[in-house]
Amino acid sequence: MTEDKSLSFPQNLTLEDRKLLTVSGVSDIGSFDEQTVAAMTELGELTIKGENLHINRMSTEMGELVVEGEISSLAYTDIQPKSGFFSRLLK
């Protein structure tokens, strides 16, 4: 059985009071700690920076990521690593 590469999720970002971020269209997490979360999306790598960051939920099936903490910046880059933390964990 082959994987359907045409399956994609829409990219949406919802930031509530700079404390709760919901991102759709996430395929993987590259790295994370309390200051930075690197999320892989179809539009590039999304880097979330702040303090006391915690991943509340990550669903690769739904393509949804929820991050809580003091969020100070969001930035996209076009470079996407081949594998991230969750893809290695779930192998």
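You'll find the structure just up there.
The model shown is predicted, which means the values in this text are computed figures rather than measured ones. (Residues numbered from 1 in each chain as written. Predicted model: local features only at pLDDT ≥ 70, side-chain atom pairs only at ≥ 80, totals over all residues. Heavy atoms only, no water.)

## Describing the nonpolar core
Point 1. Ranked by size, the top nonpolar core spans 13 residues in total, and within it Val-37, Ile-48, Leu-65 and Val-67 carry the most contacts.
Point 2. Listed by contribution, the elements that provide at least two residues to this core are β2 (20-24), β3 (26-32), β4 (36-41), β5 (44-59) and β6 (64-77).
Point 3. In this structure Val-67 touches Lys-19, Leu-20, Leu-21, Val-37, Ile-48, Leu-53 and His-54, once residues within four positions along its chain are discounted. (Core = buried A, V, L, I, M, F, W, Y, C linked by side-chain atoms within 4.5 Å. Buried < 20%, exposed > 50% of the residue type's maximum accessible area, 1.4 Å probe, protein only. Helix = DSSP H or I, 4+ residues; strand = E, 2+ residues; numbered from the N terminus. Contact = heavy atoms within 4.5 Å.)

## Some details on a nonpolar patch on the surface
Point 1. Where nonpolar side chains cluster on the molecular surface, the patch consists of Leu-13, Leu-15, Leu-43, Leu-74 and Tyr-76 and spans about 430 Å² of accessible area.
Point 2. Sorting the residues of the nonpolar patch by element identifies β1 (12-16) and β6 as the ones contributing at least two each.
Point 3. Looking at the secondary structure, you find Leu-43 in the loop between β4 and β5.
Point 4. Residue Leu-43 is classed as exposed on the basis of its relative accessible area, which comes to 52%. (Patch = residues over 30% accessible without salt bridge, like charges linked within 9 Å, V, L, I, M, F, W, Y side chains within 5 Å. Areas by Shrake-Rupley, 256 points an atom, 1.4 Å probe, with all protein chains shown as cover. Salt bridge = Lys/Arg side-chain N within 4 Å of Asp/Glu carboxyl O.)

## Section: unusual backbone geometry
Among all residues save glycine, negative phi is the norm, and among peptide bonds the norm is trans.
Point 1. Positive phi outside glycine occurs at Asp-17, with the angle close to 55 degrees.
Point 2. Topologically, Asp-17 is positioned in the loop between β1 and β2.
Point 3. In this structure Asp-17 comes out as exposed when scored by relative accessible area, which is 70%.
Point 4. Unusually for a residue other than glycine, Asn-52 sits at a positive phi of about 55 degrees.
Point 5. Among the secondary structure elements, Asn-52 is positioned in strand β5.

## Re the pairing of β1
Point 1. Bridge count between β1 and β2: five bridges; the pairing is antiparallel. Bridging across to β2, Glu-16 finds its partner in Leu-20.
Point 2. The loop that links β1 with its antiparallel partner β2 comprises three residues; one of these, Asp-17, has a positive phi angle of about 55 degrees. (Pairing = 2+ DSSP bridges.)

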